[in-house]
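Each chain, written out:
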Amino acid sequence: MSGRLGTWLKMIAAGGAVCVGGPAFVMWIQPTDEELFQRYNPDLQKKSLERRYEKQKDFDDFVGRLKEYSKSDKPIWKVQEEAVQKLREEARQQEKQNAEEVRKRQEAMKREAGLMQGGGQLECTGKSKVTDNPLI
């Protein structure tokens, strides 16, 4: 019986050493953020300092959106997916609006230059100009 007890005690001690000692070892050898920053080359340090505010703002915006999403009864990932769909739809609408504005500007410029006759209306005969065959 004492042989089994010794084995159990050894295993508990080894398990404790691994469970406690492993994370302690990692914390001991892992450099802090300050140490990593000091190892950067001076150009990277400068860039990092310049982008710090921007990254912090992006993170704060992200957390704000998550808080907003969490107010819904739906799961966060579904609310986020709906928000992305809504943003895509708004981008599509904006793109259509921009394309329409560009088309109108081009049409107005052509009218001003005298390239279009009849206020932008093109004559349609229903036949090809190359041959007299009807268009399909």
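Please refer to the structure placed before this passage.
Owing to the predicted nature of the structure, the values given are computational and were not obtained by experimental measurement. (Residues numbered from 1 in each chain as written. Predicted model: local features only at pLDDT ≥ 70, side-chain atom pairs only at ≥ 80, totals over all residues. Heavy atoms only, no water.)

(A) How the structure looks around helix α4 (residues 76-113). With 38 residues, α4 extends 55 Å from end C-alpha to end C-alpha; this agrees with the ideal 56 Å at 1.5 Å per step. Taken from the residues just after α4, Gly114 is the one with a positive phi, measuring 80°. (Helix = DSSP H or I, 4+ residues; strand = E, 2+ residues; numbered from the N terminus. Expected span 1.5 Å × (residues − 1).)

(B) Representation of the packing of helix α3 (residues 42-70) against α4 within the structure. Two elements in contact, α3 and α4, have axes separated by 9 Å at closest approach and are oriented at 110°. When the interaxial angle is binned, α3 and α4 end up roughly perpendicular. Between α3 and α4 the crossing geometry is right-handed. Residues Leu66, Tyr69 and Ser70 of α3 form the contact with α4, whose own contacting residues are Ile76, Val79, Gln80 and Ala83. (Axes fitted to C-alpha atoms, helices over the stretch in contact; angles between N-to-C directions. Parallel < 35°, antiparallel > 145°, perpendicular 65-115°, else oblique. Left-handed = near helix turned anticlockwise from the far one by under 90°. Contact = heavy atoms within 4.5 Å.)

(C) Representation of the packing of aromatic side chains within the structure. Applying the stated rule across the entire model yields 2 aromatic pairs. Taken together, a centroid distance of 6.1 Å and an interplanar angle of 45° make the contact between Phe25 and Trp28 tilted. In this pair, Phe25 and Trp28 both sit in helix α1 (residues 2-29), 3 residues apart, roughly one turn of the helix. Of the residues examined, Phe25 reaches a relative accessible area of 47% and is grouped as partly exposed. On the basis of relative accessibility, which here comes to 68%, the residue Trp28 falls in the exposed class. Between Arg52 and the ring centre of Phe37, over which it is positioned, the NZ or CZ distance is 5.9 Å. (Phe/Tyr/Trp six-rings, centres within 6.5 Å; stacked < 30°, edge-to-face > 60°. Buried < 20%, exposed > 50% of the residue type's maximum accessible area, 1.4 Å probe, protein only. Lys NZ or Arg CZ within 6 Å of the ring centre and 35° of its normal.)

Everything listed here is a matter of coordinates, which is why it stays silent on function.
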